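# Observations on the model geometry
These are the residues of each chain, in order.
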Amino acid sequence: MENTATKKTALNQVHHAAGAKMVPYAGFEMPVQYSGVNQEHMVVREQVGVFDVSHMGQFFFSGENAQELLQKLVTNDVSKIKIGQAQYSAMTNEKGGIIDDLILYRMSEDEYMMVVNAGCLDKDWKWVNEQNDLGVNISNQSDDIALLAIQGPKAVEAMQSLTQTPLADIKFYHFEKGEFAGVQDVIISATGYTGSGGFEIYFPAEHAEKMWNAVMEAGKDFGIEPCGLASRDTLRLEKGYCLYGNDINTDTTPLEAGLGWVTKFNNEFVGSDVLQKQKEEGVERKLIGFKMIDRGIPRHGYTITNADGEQIGEVTSGTQSPILKYGIGLGYVTKDFEKAGSEIFINIRDKQVKAEVTKLPFV
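Let us look at the structure shown here. In this text the structure is predicted, and so the values were computed from the model without any measurement.

## Observations regarding the pairing of strand S5 (residues 57-62)
Most of S5 is tucked away: five of the six residues are buried. Examined bridge by bridge, S5 and strand S8 (residues 111-116) share six bridges and lie antiparallel to one another. Counted as the bridge partner of Gln58 is Val115 from S8. Inspection of the sheet shows S5 paired to strand S9 (residues 137-140) by four bridges, in the antiparallel sense. Note on S9: the bridge partner recorded for Phe61 is Ile138.

Shown next as structure tokens:
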């Protein structure tokens, strides 16, 4: 029998004690908000906020063929990753559909860490093992690793007291391993999905509570607040970042999703032949960003139409932007409507509400 029990991160009790509103998400019980979405959103944009993202998965690939296997698995060019660097990428199936979007870290000459979405963890694990015909050692350390995203313009300043590693020197999409809050070998990575700067720190789950308390204490004078999944969603949407399961899935290709920049054709990967053909022939639909001209909040699944009321697409993500104070969203539309400035309509409660295709990011 399949185990459908909800998993908990090592910080579950901490979230409950802090009064977080908890919801089931990707098989875990996760905090959706503490003080409120807009409050948490603005804290990350202006100061510093901390997210428990320990539900994410970590797979380690090691051995002399690790790079070769990863080149076959992902769309980006793995050979370009230097030790101490991270790279955003996607895994595709034989049809070019996105199995997951992910980050690859090069830990050493022949060791890489792949960070995957929680909701895709089991299928990703099955997939990478099925594709492993090169004898690469792959280990799933997801349950043993905790992950905090410390995000915002004051993150460097607020966290520097916890480590000897000069945080300001870690370039975007680079990482260092060092002591952090008394814990050894913490991966301190200048990555995150909010677009407001900051770090993600990976460390053994047994130190989760100690680490959380140290981070909250160090950030106290900088206005640090705990943040939940709801503000993480509005933050990533303002930056036009895709959310797996909403904006991308196995029915969407990287080229349709605007991820051509992480799709390199200098080597073959699973589905590269299909994507190469799609690149040459062009795509029929495209993921676009749009802003509401008339009042209304777009939501996942709403129909997108043209002025005549004919369906031309569907909203994949939408919200009221806390910064812009109007509705914004992502959605797929037919290629005739992909240009910025195109007039489109979102069907909200049987009404056609005017919107306009706009360049990303929104903020």
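## Section: the pattern of salt bridges
Applying the stated rule across the entire model yields 12 salt bridges. Across the pair Arg236 and Asp247 runs a salt bridge whose closest N-O atoms are separated by 2.9 Å. Of the two residues, Arg236 is situated in helix H7 (residues 229-238) and Asp247 in the loop between H7 and helix H8 (272-281); the sequence distance between them amounts to 11 residues. The pair formed by Arg236 and Asp247 is uniform in burial state, with each residue classed as buried. Salt-bridge contacts for Lys277 lead to Glu281; the nearest nitrogen and oxygen are separated by 3.7 Å. Of this pair, Lys277 and Glu281 both sit in helix H8, separated by four residues, roughly a single helical turn.

## Here we look at the pairing of strand S18 (residues 327-334)
Of all the eight residues making up S18, seven are buried; the element is thus mostly covered by neighbouring parts of the structure. Where strand S15 (residues 285-292) and S18 come together, seven bridges link them in antiparallel fashion. Paired with Gly289 across the strands is Leu330, a residue of S18. Linking two consecutive strands that pair antiparallel, namely strand S17 (residues 311-320) and S18, is a turn of six residues; a positive phi of about 65 degrees is found at Lys325 within it.

## Some details on the packing of aromatic side chains
As enumerated under the stated definition, the model contains seven aromatic pairs in all. Here Tyr88 and Trp261 contribute two aromatic rings whose centre-to-centre distance is 5.7 Å and whose plane-to-plane angle is 25 degrees, an arrangement assigned as stacked. Residue Tyr88 is located in strand S6 (residues 86-92), and its partner Trp261 is located in the loop between H7 and H8; the two are separated by 173 residues in the primary sequence. Residues Tyr105 and Tyr202 carry aromatic rings whose centres are separated by 5.5 Å and whose planes lie at 75 degrees to one another, so their mutual orientation is edge-to-face. Taken as a pair, Tyr105 in strand S7 (residues 98-108) and Tyr202 in strand S13 (residues 198-204) lie far apart in primary sequence, 97 residues in all. The burial state of Tyr105 is the same as that of Tyr202; both residues are buried. Members of the aromatic cluster, joined through ring pairs, are Tyr105, Phe175 and Tyr202.

## Some details on the environment of Trp212
With respect to the helices and strands, the residue Trp212 is situated in helix H6 (residues 208-218). Spatially, the C-alpha atoms of Trp212 and Pro226 are 9.6 Å apart, while their sequence positions differ by 14 residues. Setting aside residues up to four positions removed in sequence, Trp212 forms contacts with Leu11, Val14, His15, Tyr34, Val50, Asp52, Leu148 and Pro226.

## Regarding unusual backbone geometry
If a residue is not glycine, its phi is most likely negative; likewise, a peptide bond is most likely trans. The omega angle of the peptide bond from Leu360 to Pro361 is -5 degrees, so this bond is cis rather than trans. Its place among the elements puts Pro361 in the segment after strand S20 (351-358). Its identity is not glycine, yet Asp185 carries a phi of approximately 55 degrees, on the positive side. Tracing the backbone shows Asp185 in strand S12 (residues 183-189). Look at Asp185 and you get exposed, because its relative accessible area is 53%.

## Notes on the layout of surface pockets
Size it by volume and the largest pocket reaches roughly 780 Å³. Every residue lining the largest pocket is counted, 40 residues in all, and those nearest its centre are Gly240, Tyr241, Gly258, Leu259 and Trp261. At the level of elements, S6, S13, S15 and S20 are the ones that each hand at least two residues to the lining of the largest pocket. Here the lining of the largest pocket is composed, by residue class, of 23 nonpolar, 14 polar and three charged. Looking at the second largest pocket, its volume works out to about 640 Å³. If you go around the second largest pocket, you meet 31 residues; those closest to its centre are Tyr25, His55, Asn117, Arg232 and Leu243. When residues of the lining of the second largest pocket are traced back to their parent elements, those giving at least two are strand S2 (21-25), S7, S8, S13 and H7.

## Some words on the side chain of Asn76
The topology assignment puts Asn76 in the loop between helix H3 (66-73) and S6. One polar contact links Asn76 to Lys264, side chain to side chain, over a distance of 3.2 Å. Filtering out sequence-adjacent residues up to four positions away, Asn76 remains in contact with Gln71, Gln87, Tyr88, Ser89, Val262 and Lys264.

How each quantity is defined
- Residues numbered from 1 in each chain as written.
- Predicted model: local features only at pLDDT ≥ 70, side-chain atom pairs only at ≥ 80, totals over all residues.
- Heavy atoms only, no water.
- Buried < 20%, exposed > 50% of the residue type's maximum accessible area, 1.4 Å probe, protein only.
- Helix = DSSP H or I, 4+ residues; strand = E, 2+ residues; numbered from the N terminus.
- Pairing = 2+ DSSP bridges.
- Salt bridge = Lys/Arg side-chain N within 4 Å of Asp/Glu carboxyl O.
- Phe/Tyr/Trp six-rings, centres within 6.5 Å; stacked < 30°, edge-to-face > 60°.
- Contact = heavy atoms within 4.5 Å.
- 1 Å grid on protein atoms, 1.4 Å probe; cavity = no way out; pocket = protein on both sides within 12 Å on 5 of 7 lines; lining within 4 Å.
- Points joined across faces, edges and corners; volume = space filled by probe spheres on them.
- Nonpolar A, V, L, I, M, F, W, Y, C, P; charged D, E, K, R; others polar.
- Polar contact = N/O pair within 3.5 Å; in protein donor to acceptor, adjacent residues only side chain to side chain.

Taken by themselves, the reported measurements are silent on function.
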